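Results of the structural survey
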Amino acid sequence: MQNTSPLNTASMSVSENETLIELKNINKWFGGFHALKDISLTVNKGERIVLCGPSGSGKSTLIRCINHLEAIKDGTITVAGKEMANDAKSIDSIRREVGMVFQSFNLFPHLKIIDNCSLALRRVKGMQRDEAEVIARKYLDRVHILEQADKYPAQLSGGQQQRVAIARALCMEPKVMLFDEPTSALDPEMVKEVLDTMIGLAQDGMTMICVTHEMGFARKVANRVLFMADGQVLEEAAPDEFFSAPKHERAKAFLGEILAHN
Amino acid sequence: MNQLDFGIVIERWDELLHGVALTLALSTAGIVCSLIIGVIGVAMHRTKNPLLQAPVIAFVELIRNTPFLIQLFFLFFALPLLGVRLNPTITAIIALAINGGAYSIEIIRGGVESIPRGQIEAGAALGLSSTQIFRDIVLIPALRAIYPALSSQFILLTLTSSVCSSISASELTHFAQRIESETFRSFEVYFTITGLYLLISWLIMTALSSIGRRHFSYPN
């Protein structure tokens, strides 16, 4: 059974003074739709942040701006001391620091699991195949899926695919991991294996920003929960505080909706 | 009415087989070159840079809206005016490559557009450049998606190669015309090469399927 008590915080300490990500006054538009409204957010090294909120609130858009999968209209994004400019070189240097896991896994269907993981090591870091495979195997082992290394993505279950996607991102040794609803596309019986993998990462001190509605996960690993609606962060609190006593009306309504059936 | 006499076909069998081999070579060269043109054209089109896109669009429109025979004559008669002298077979390969390339661009572009955005985003998030994303992530699944359509385009290219007889390129139809004009056995000769073209199509189709099985048969 999944243990929902808070993790041992001693092993998950946050460096209070080392800022890893700094978003300042981010504005994002999709045509005439104002998707992110003047958002600022600072994430310290080792922090684990859960973003939640109703559909269309801008949570996915927000994390997708951090590695420039979405371009912002104005504001500044700084990751690991590098400020993002609108050129390929600057974007690539930030993407090297940021790993991302998607809702729909997005493994490359024509590549074996081991090649899914070693591709970027070879292409981006210029490693030889055998050198890259050593690293790929290390992270596949870490997500407990090494025995599937020579299979193709379609031969794995959803949960296994998502764990491979996590390993693939970890291979690049990012400073921060972004999770965009990593369990939303999974069958219920596969959610746990993915959450356990993410909890393991948190225990190892990985800085994480997760868009998720897994409230058990949020309670267990998050330092902060950010509630978003209409492109704004309406509430920011420690998980216990947020879940037991949400302050904002929208947050109360949202929690009422998602907890109604739990 | 003459009596049918296939003796003439048997007598000049070696010449016809030579024609089959040359048509296979001509078609294979045309197929390989059109695939290369197709992939490069799609890569240029994908850049969203108007300087690279516009020539691709113009090329595809020009080639797909003019007859192959005219393209062939244009190359055969126009290139020498520019001081480029090529033998008819090389000219035929170029014409087939250009014509097949234009159709390949359209087909492959459809395959590339069928690739889910998430695949490209996953590559981008890992730090791959757009060229690497195209080559390592998009291309194989895109070709897989349109492989049957591309295969039939290549069969069409193979059959179209018979038109190259009109500039005396060395291939099966040209050889058949020569035998026919020397023997006046039109029906026997064309009946036979109909069968030989069937054989050629079958060989190309078999080769294409085996390439498909080898490179595009990952589980999906």
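Note on numbering: residues in each chain are counted from 1, in written sequence order. All chains are assigned letters beginning with A, and all ligands numbers beginning with 1, in the order in which they are written. For this predicted model, a pLDDT threshold of at least 70 governs which residues receive local features, and a threshold of 80 or more governs which side-chain atom pairs are given and counted, while totals over whole chains, interfaces and linings are taken from all residues. Hydrogens and water are ignored here; the side-chain numbers use all heavy atoms of the structure.

Under an unreviewed UniProt entry, chain B has the name ABC transporter permease and belongs to Kiloniella spongiae. UniProt positions are given in the numbering used here, feature names are shortened, and annotations may be inferred rather than shown by experiment. Regarding chain B, the UniProt comment filed under Sequence similarities (unreviewed entry) reads as follows: "Belongs to the binding-protein-dependent transport system permease family. HisMQ subfamily."

1. Some details on unusual backbone geometry
Most peptide bonds take the trans form, and the phi angle of most residues other than glycine is negative. Even without being a glycine, A80 of chain A presents a positive backbone phi close to 50 degrees. Checked against the element boundaries, A80 of chain A lands in the loop between β4 (74–79) and β5 (82–83). Classification of residues uses two cut-offs on accessible area relative to the type maximum, computed with a 1.4 Å probe and protein chains only: under 20% is buried, over 50% is exposed, and between them is partly exposed. A80 of chain A sits in the partly exposed class, given a relative accessible area of 25%. One non-glycine residue with positive phi stands out, namely K48 of chain B, at about 65 degrees. Labels follow the DSSP assignment, with helices taken as runs of H or I lasting at least four residues and strands as runs of E lasting at least two, numbered in each case from the N terminus. With respect to the element layout, K48 of chain B can be found in the loop between α2 (13–46) and α3 (50–64).

2. Focus: the environment of I167 of chain B
Residues and elements named next belong to chain B. Tracing the chain through its elements places I167 in the loop between α7 (130–160) and α8 (172–183). Judged by its relative accessible area of 2%, I167 is buried. On a C-alpha basis, the gap between I167 and R213 in space is 36 Å, while along the polypeptide they are 46 residues apart. If sequence neighbours within four positions are ignored, I167 has contacts with L72, F73, F76, P88, T91 and A92. By definition in these notes, contact holds between two residues if any of their heavy atoms fall within 4.5 Å.

3. Topic: the sheet that holds strand β7 (residues 176–180) of chain A
Residue and element names in this part refer to chain A. Spatially, β6-β7-β8-β3-β9-β10 is the arrangement adopted by the 6 strands of the open sheet, whose pairing is mixed. On the outer flanks of this sheet lie β6 (98–101) and β10 (232–237), each paired with one strand and no other. Geometrically, the sheet is characterised by an average inter-axis angle of 20 degrees between neighbouring strands, direction not taken into account. Being paired, for any two strands, means DSSP has found at least two bridges between them. Of the pairings in the sheet, the one linking strand β3 (residues 48–52) to strand β9 (residues 224–229) comprises 4 bridges and is parallel in character. Throughout, an axis means a line fitted to C-alpha atoms (over the contacting stretch in the case of helices), and angles, computed between N-to-C directions, take values from 0 to 180 degrees.

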